[in-house]
Amino acid sequence: MLATLTMLAFAHVLADFVLQSRAMVARKHRRVVLLRHTAIVGASAFVALAAWTPGALIAVAVVTLAHAGIDAAKLALARRARHPFAALRLFGADQCAHLLSIGIVAALLPQAYAEGLWPAVLGSTAAQGLAAAAALVTGVIAATRVGDLMLAQLLAGIRHSRSAGSPGSAAGRAEDAGGADELRAGAWIGWLERGLVFLFVLLGEFNAIGFVIAAKSILRFEYARDPAKSELVIIGTLASFGWAVLTALATAAALDGLWPAGAG
């Protein structure tokens, strides 16, 4: 079951966060774009499982149809969303629903990956190693790309809620514009810091995370005298590090299950 779950999760993050461009996300309300994204989801799951038996093909079909239904529901809810944190809430609910559907399919069809072509072509040991590699890549994408999207939506929601009281203020508009620039500039730092934290947790070097925190504190020291910006920095840092640690721990657990110490 774990190998099937891992490969379907890998296919999901690949389709949603690597093969789906920002333009596709912005135009997903168009039926043709949604259908194109659904086809990418199906193709990713098909290749990940190397599906050719009825059970594996059913797993691909169910995951693909569930993904399309969840995305359609999210689009419908997004049209009525007005809360400052609506984007973050919808994103979280959307991803939880996708992972739940993948988990259900993996529980009902646990041998979908074992029945695919990868074990037949590569052999069981190499196929298990392939699943472990997929778990590692999934964790990296989750820690960096997914974390980037979540933090951007979190900080944008905070900024929006702060400026909601004075929407006509020129100072408020200037702060929003500056905040957007900071979010774009900080994205690269965020990717790097989460990548390092993810690596240190996998290696068991938790003490090294302290050096990353110290380095960021020095870089962000200029905001110490600005309470509003310092609060954003603290919230963003805690959320970023916390997310990286969680994804690394989940990845480590998957790797232990797929490729235990001493295997091979």
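Treat the numbers as computed from the prediction; the structure is a model and nothing was measured.

What counts as what
Residues numbered from 1 in each chain as written. Predicted model: local features only at pLDDT ≥ 70, side-chain atom pairs only at ≥ 80, totals over all residues. Heavy atoms only, no water. Helix = DSSP H or I, 4+ residues; strand = E, 2+ residues; numbered from the N terminus. Buried < 20%, exposed > 50% of the residue type's maximum accessible area, 1.4 Å probe, protein only. Areas by Shrake-Rupley, 256 points an atom, 1.4 Å probe, with all protein chains shown as cover. Core = buried A, V, L, I, M, F, W, Y, C linked by side-chain atoms within 4.5 Å. Domains from an automatic or database assignment. Contact = heavy atoms within 4.5 Å. Salt bridge = Lys/Arg side-chain N within 4 Å of Asp/Glu carboxyl O. UniProt positions renumbered as here; feature names shortened; annotations may be inferred. Expected span 1.5 Å × (residues − 1). Bend = angle between axes of the 7 residues up to and from the residue. Lys, Arg positive; Asp, Glu negative; His and termini not counted. Polar contact = N/O pair within 3.5 Å; in protein donor to acceptor, adjacent residues only side chain to side chain. Phe/Tyr/Trp six-rings, centres within 6.5 Å; stacked < 30°, edge-to-face > 60°. Axes fitted to C-alpha atoms, helices over the stretch in contact; angles between N-to-C directions. Parallel < 35°, antiparallel > 145°, perpendicular 65-115°, else oblique. Left-handed = near helix turned anticlockwise from the far one by under 90°. Nonpolar A, V, L, I, M, F, W, Y, C, P; charged D, E, K, R; others polar. 1 Å grid on protein atoms, 1.4 Å probe; cavity = no way out; pocket = protein on both sides within 12 Å on 5 of 7 lines; lining within 4 Å. Points joined across faces, edges and corners; volume = space filled by probe spheres on them.

## Observations concerning the overall build of the chain
- Counting its secondary structure elements, the chain contains 10 helices and zero strands.
- Mapped in sequence order, the helices and strands of the chain form the string α-α-α-α-α-α-α-α-α-α.
- Put simply, the chain has 264 residues, and 40% of those count as buried.
- On the chain, roughly 13,900 Å² of surface is accessible, and the fraction owed to carbon and sulfur atoms is 71%.

## Observations regarding the nonpolar core
- Met7, Leu8, Leu49, Tyr113, Ala131 and Leu258 are the most contacted members of the largest nonpolar core, which totals 24 residues.
- Of the domains in this structure, domain 1 (1–122) and domain 2 (123–163 + 180–259) are the two that each give at least three residues to this core.
- What Tyr113 contacts, discounting residues up to four positions off in sequence, is Ala3, Thr4, Met7, Ala48, Leu49, Trp118, Pro119, Ala127, Leu130 and Ala131.
- Residues Val197, Phe200, Ile209 and Phe241 belong to the second largest nonpolar core, which totals 11 residues.

## Describing the pattern of salt bridges
- This structure, assessed with the given rule, holds one salt bridge.
- The closest approach of N and O atoms between Lys28 and Asp71, which form a salt bridge, is 3.3 Å. Taken together, the positions of Lys28 in the loop between α2 (22–26) and α3 (31–49) and Asp71 in helix α4 (residues 54–78) put the pair 43 residues apart, joining distant regions of the chain.
- Classification of Asp71 as buried rests on a relative accessible area of 3%.

## Here we look at the UniProt feature "transmembrane region" (unreviewed entry) in the chain
- The UniProt record annotates "transmembrane region" (unreviewed entry) at residues 39–66, 196–219 and 231–255.
- Between the C-alpha atoms that bound residues 231–255 the distance is 36 Å, and the span itself is 100% helix and 0% strand.

## Some details on helix α7 (residues 124–163)
- Along its 40 residues, α7 runs 57 Å from first to last C-alpha, staying within 8% of the 58 Å computed at 1.5 Å per residue.
- At Gly147, α7 shows its largest bend, some 35 degrees.

## A short note on the side chain of Arg194
- With respect to the helices, strands and loops of the structure, Arg194 is situated in helix α8 (residues 170–203).
- Comment: no salt bridge for buried Arg194; closest opposite-charge side chain is Asp148, at 4.2 Å.
- Reaching out from Arg194, the side chain makes a polar contact with the side chain of Ser240 at a distance of 3.1 Å.
- Setting aside its immediate chain neighbours within four residues, Arg194 contacts Ala143, Thr144, Gly147, Asp148, Leu151, Ser240, Trp243 and Ala244.

## Section: the packing of aromatic side chains
- Under the criterion given, the structure shown has one aromatic pair.
- With 6.1 Å between their ring centres and 70 degrees between their planes, Phe17 and Phe91 make a pair best called edge-to-face. Taken together, the residues Phe17 in helix α1 (residues 2–17) and Phe91 in helix α5 (residues 86–108) connect sequence positions 74 residues apart.
- On the basis of relative accessibility, which here comes to 7%, the residue Phe91 falls in the buried class.

## Considerations on the packing of α5 against α7
- Between α5 and α7, the shortest axis-to-axis distance is 8 Å and the interhelical angle comes to 150 degrees. When the axes of α5 and α7 are compared, the pair comes out roughly antiparallel. Considering the relative orientation of α5 and α7, their crossing is left-handed. Residue-level inspection shows Ala87, Leu88 and Phe91 of α5 in contact with α7, the latter providing Val146, Leu149, Met150, Gln153 and Leu154.
- Looking at the contact of α5 with α7, its residues break down into seven nonpolar, one polar and no charged.

## A few points about the layout of surface pockets
- Considering only enclosed or pocket space, the second largest pocket measures out at about 660 Å³ in volume.
- If you trace the second largest pocket, you find 25 residues lining it, with Ala9, Leu99, Thr138, Ala142 and Ala250 closest to the centre.
- Of all the secondary-structure elements, those providing two or more residues to the lining of the second largest pocket are α1, α5, α7 and α10 (227–258).
- Top contributing element to the lining of the second largest pocket by residue count: α1, with seven residues.
- Grouping the constituent residues of the lining of the second largest pocket by class yields 17 nonpolar, eight polar and no charged.
- When residues of the lining of the second largest pocket are assigned to domains, at least three fall in each of domain 1 (1–122) and domain 2 (123–163 + 180–259).

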